[in-house]
Amino acid sequence: MSDPGILAVTKAGTDPVRAQLDGPSGTRPRRLISRRNIFLYGTLILVSLYYLLPLYVMIVTSLKGMPEIRMGNIFAPPVEITFEPWVKAWSEACTGLNCDGLSRGFWNSVRITVPSVILSIAIASVNGYALANWRFKGADIFFTILIFGAFIPYQVMLYPIVILLREMGLYGTLWGLVLVHSVFGMPILTLLFRNYFTSLPEELFKAARVDGAGFWGIYFQIMLPMSLPIFVVAMILQVTGIWNDFLFGVVYTKPEYYPMTVQLNNIVNSVQGVKEYNVNMAATILTGLVPLVIYFVSGRLFVRGIAAGAVKG
Amino acid sequence: MTDANRKSVEIKNLDLNFGAVKVLRNLNLDVYEGEFLVLLGSSGCGKSTLLNCIAGLLEITEGQIWIKGTNVTWAEPSARGIGMVFQSYALYPQMTVEGNMSFGLKNARVPKPQIKERVARAAEVLQIEPLLKRKPSALSGGQRQRVAIGRALVRDVDVFLFDEPLSNLDAKLRADLRVELKQLHHRLKNTMIYVTHDQVEAMTLASRIAIMKDGMIQQLASPEEIYSRPANLYVADFIGSPAMNLVKGTVSGNRFTSGALSIPLDGYDFTRPAKGEAWFGIRPEHILVGDDARTGDAVLDLEAEVVEPLGSDTLILTSLNGGRFWLRTDGQTRIRSGDHITVGLRTADASLFDTGDEARL
Ligand SMILES: Nc1ncnc2c1ncn2[C@@H]1O[C@H](COP(=O)(O)OP(=O)(O)OP(=O)(O)O)[C@@H](O)[C@H]1O
Ligand SMILES: [Mg+2]
């Protein structure tokens, strides 16, 4: 026991021995202010400022009254906080003839987004599942065509779809727009789901078949419960995509069904009267709020989903 | 009771292609009731593919599959009376052990009380009763594999298919579960078809072994037969560790000669008349060393180059006619590298192979 070498191995925790160890030992000390850290944090702060400053200006402006805005300093915090512009943006701002604010557009957007998201995810997940697990005849060709669809610019299809919808009697209706959104979400969502289902162990699928589960049985009882993360990803993608859509909303619907984005544009670009910057800012934030909330709420769910999926069964 | 003459699984002229790749070619195989058949072969030879064909998980290209006298070539996997156990266990992660085991029965619309009873019985056989309420993620590898076997067990099937069920487990657990599987087979007396590339598993478990290479069965026989009378050079080389020693030489006038080696073939059981070039094969453990050496049909003097003590026995590397020549002796041997040793070879232990078609002579 007198040999310090042996002691060091057998009783590394006892202090007298630790005192004998010289040279580097334990965690390597790092200086807080090093050139690397300055560069790293400097860049991060700069980039954050670049993105956060406009948001700051928007929030600050939306809380000011018009007289205060006219004074000109857009960075100054509001002297007198007022929620008047927010109320006005939501329920009083005028677009064209009617003056009931963004609320109408909000509910339109909800009525467009919810069915579109549900419909597109439901169909795409079954598509992806069929493509990944049930290798039917012509599956590869079908998949190639579908993926090819993802690369066709929307503008090319804009007018043909107008005719198509008109022939189907859906032109100018909410359901027409829902249909368009669902169809356009299909390629990328199918790809997403197919790749996810392909990554699940194939033996699980085989075991379920031996256990006598059919196409839908395997989909609902085996695949769905394991796929929460990808459903959340698909939902984020679709909700933000459809909520932010402007082009389809303006082309395929009538003014009474205009989604929030189109209405926001009409409020902000309205040529009558004075430009109410505070109302415009409030309206813009209101419109962007839904994707933002979805992102924050489901982002956490998403991380949890991944963690849950990491435990292999 | 088992009936050795009743066929349980019959595979007739089976072809399987993946596009242009021919994986199984004109394969014929009969498995008898109550038999433990092991499919053994190196990686990529088509063992899993064959098993998946039997299970109905792969669409076959040509031929037929019969199970218990019924043509099931076009039948769904669940309708074939098979249960399957996978290498990765393939337990449904979101279901409890009980849920995993009863899933197949629920799909078959078995009444609830009966499901409960069958699950309880299988759990008792496999000693997993305390685990029934757990999720697979809360089980060890060995427990998971037991549950996977249980899932096949509850379904009361005629044929069990195993695809390398033990290869994800550590060596100790593998040995334990191997014994349990053997006991299970003794108790259940079902037909079992078992894929592995572990020859120890194959030798210990099998009633018969089918050695596969490139989608074809090289030899189908009992473990003893495969070990002592390999049908061709591939089988001879594949079974045994270290592999069978092979020496190239000529057969003429009932003698095999190759350099210093000259051995009479009077005691050899020829499968066909032979003359000319041939491989002479003998297993390291069949070579006589020490006092017995002089009793061999041919006696040689070899120099030990490398000595590998394994405890229970010792491996000695020598060279014969320029090729490697392994011997296996008991663990108490005093032989050191550089020593000269006298060894004896017995004709009855040897195998001869044609150098052309590599088949047994
Ligand atoms: N879907 C597929 N498409 C094309 N070739 C395939 C496919 N699946 C398997 N193969 C090929 O078929 C051959 C046999 O595969 P198989 O999985 O049956 O091998 P194995 O004997 O089970 O091997 P291992 O011991 O590694 O599991 C391999 O050469 C493999 O490359
Ligand atoms: Mg395999």
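Conventions and cut-offs
Residues numbered from 1 in each chain as written. Chains lettered and ligands numbered in written order. Predicted model: local features only at pLDDT ≥ 70, side-chain atom pairs only at ≥ 80, totals over all residues. Heavy atoms only, no water. Helix = DSSP H or I, 4+ residues; strand = E, 2+ residues; numbered from the N terminus. Buried < 20%, exposed > 50% of the residue type's maximum accessible area, 1.4 Å probe, protein only. Polar contact = N/O pair within 3.5 Å; in protein donor to acceptor, adjacent residues only side chain to side chain. Contact = heavy atoms within 4.5 Å. Buried area = accessible area lost by both parts, 1.4 Å probe. Salt bridge = Lys/Arg side-chain N within 4 Å of Asp/Glu carboxyl O. Nonpolar A, V, L, I, M, F, W, Y, C, P; charged D, E, K, R; others polar. Near = heavy atom within 4 Å. Areas by Shrake-Rupley, 256 points an atom, 1.4 Å probe, with all protein chains shown as cover. Core = buried A, V, L, I, M, F, W, Y, C linked by side-chain atoms within 4.5 Å. Patch = residues over 30% accessible without salt bridge, like charges linked within 9 Å, V, L, I, M, F, W, Y side chains within 5 Å. Phe/Tyr/Trp six-rings, centres within 6.5 Å; stacked < 30°, edge-to-face > 60°. Lys NZ or Arg CZ within 6 Å of the ring centre and 35° of its normal. Pairing = 2+ DSSP bridges. UniProt positions renumbered as here; feature names shortened; annotations may be inferred. Axes fitted to C-alpha atoms, helices over the stretch in contact; angles between N-to-C directions.

Glancing now at the side chain of S258 of chain B. Residues and elements named next belong to chain B. Topologically, S258 is positioned in strand β12 (residues 255–258). Judged by its relative accessible area of 8%, S258 falls in the buried class. In this structure the side chain of S258 is engaged in a polar contact, spanning 2.8 Å, whose partner is the backbone oxygen of K248.

Counting from both sides, the interface comprises 28 residues of chain B and, opposite them, 17 residues of chain A. Contact with chain A buries area across many residues of chain B, yet Y92, Q94 and F103 of chain B alone supply 24% of it, more than any other trio. Residues R209 of chain A and E76 of chain B are paired through a salt bridge, measuring 3.3 Å at the closest nitrogen-oxygen approach. Mapped onto the side of chain B that touches chain A, the elements with two or more residues apiece are β6 (82–85), α2 (97–107) and α4 (141–153) of chain B. Among the elements that make up the side of chain B that touches chain A, the one with the highest residue count is α2 of chain B (4 residues). Looking at the side of chain B that touches chain A, its residues break down into 13 nonpolar, 11 polar and 4 charged.

Before going further, it helps to examine the site of ligand 1. All names here are of chain B. In the region of ligand 1, the neighbouring residues are F18, V23, S43, G44, C45, G46, K47, S48, T49, E164 and H197. Residue S43 places a side-chain N or O atom 2.4 Å away from an oxygen atom belonging to ligand 1. Within the side chain of S48, an N or O atom sits 2.6 Å from an oxygen atom of ligand 1. Burial of ligand 1 by the protein chains amounts to 58% of its free accessible area of 630 Å². Among the elements that take part in the shell around ligand 1, helix α1 (residues 47–55) stands out by supplying 3 residues, more than any other. The residue inventory of the shell around ligand 1, partitioned by class, reads 3 nonpolar, 6 polar and 2 charged.

Before going further, it helps to spend a moment on the side chain of S62 of chain A. All names here are of chain A. Assignment of secondary structure puts S62 in helix α3 (residues 35–62). A relative accessible area of 0% means that S62 is categorised as buried. At 2.8 Å, the side chain of S62 forms a polar contact with the backbone oxygen of I59. Residues contacting S62, with those up to four places away along its chain left out, are T82, P85, W86, N278, M281, A282 and I285.

Membership of the largest hydrophobic core comes to 74 residues, with the highest contact counts inside it found for Y252 of chain A together with L14, L24, L39, L50, L161 and I193 of chain B. Top element by residues in this core is helix α9 (residues 174–199) of chain A. It accounts for 9 residues. If near-sequence neighbours (up to four positions away) are discounted, L39 of chain B is found in contact with L29, K47, L50, I193, Y194, V195, T196, A210 and M212 of chain B. Among the nonpolar cores identified, the runner-up in size contains 46 residues, and L91, A123, F162 and L205 of chain B belong to it.

All names here are of chain A. Taken together, L40, Y41, L44, I45, L49, L53, Y56, I74 and F75 make up a surface patch of nonpolar side chains, about 860 Å² in accessible area. Assignment of secondary structure puts L44 in helix α3. Owing to a relative accessible area of 49%, L44 belongs among the partly exposed residues under this scheme.

This paragraph deals with the packing of aromatic side chains. Within the structure shown, the criterion is met by 27 aromatic pairs over all chains. With 4.8 Å between their ring centres and 75 degrees between their planes, Y268 of chain B and F270 of chain B make a pair best called edge-to-face. Taken together, the ring pairs in this structure connect Y129, W134, F193, Y196, F197, F205, F215, W216, Y219, F220 and F231 of chain A into an aromatic cluster. The residue whose ring lies beneath R194 of chain A is F143 of chain A, and the NZ or CZ to ring-centre distance is 4.1 Å.

All names here are of chain B. Only one face of β12 is covered, namely the one carrying F256 and S258; the face carrying R255 and T257 has none of its residues buried. Between strand β11 (residues 245–252) and the antiparallel strand that follows it, β12, lie 2 residues; G253 among them carries a positive phi value of about 55 degrees. Looking at chain direction, β12 and strand β13 (residues 261–264) are connected through 4 bridges and run antiparallel. Bridging across to β13, S258 finds its partner in L261.

On to the pattern of salt bridges, then. Residue and element names in this part refer to chain B. Enumeration according to the criterion identifies 22 salt bridges over all chains in this entry. Between K68 and D158 there is a salt bridge, with its nearest N and O atoms 3.7 Å apart. Of the two residues, K68 sits in the loop between β4 (62–67) and β5 (70–71) while D158 sits in the loop between α4 and β7 (159–163), which places them 90 residues apart along the sequence. Its salt-bridge partner being K133, residue E98 comes within 2.4 Å of it at the nearest N-O pair. Of this pair, E98 sits in helix α2 while K133 sits in the loop between α3 (112–126) and α4, and the two are 35 residues apart along the sequence. One salt-bridge network, held together by shared partners, links E98, K116 and K133.

This part covers the UniProt feature "domain: ABC transporter" (unreviewed entry) in chain B. UniProt tags residues 9–239 of chain B as "domain: ABC transporter" (unreviewed entry). End-to-end, the C-alpha atoms of residues 9–239 of chain B are 25 Å apart, and along that stretch the chain is 37% helix and 27% strand.

All names here are of chain B. Spatial ordering of the open sheet is given by β2-β1-β4-β5, a layout of 4 strands whose pairing is antiparallel. Strands with a single pairing partner mark the edges of an open sheet, and in this sheet they are β2 (21–32) and β5. Pairing of β4 with β5, which is carried by 2 bridges, proceeds in the antiparallel orientation. Bridge pairing in β5 links I67 to T70. Running over the sheet, α1 touches β1 (7–18), β2 and β4 and is turned about 115 degrees from β1.

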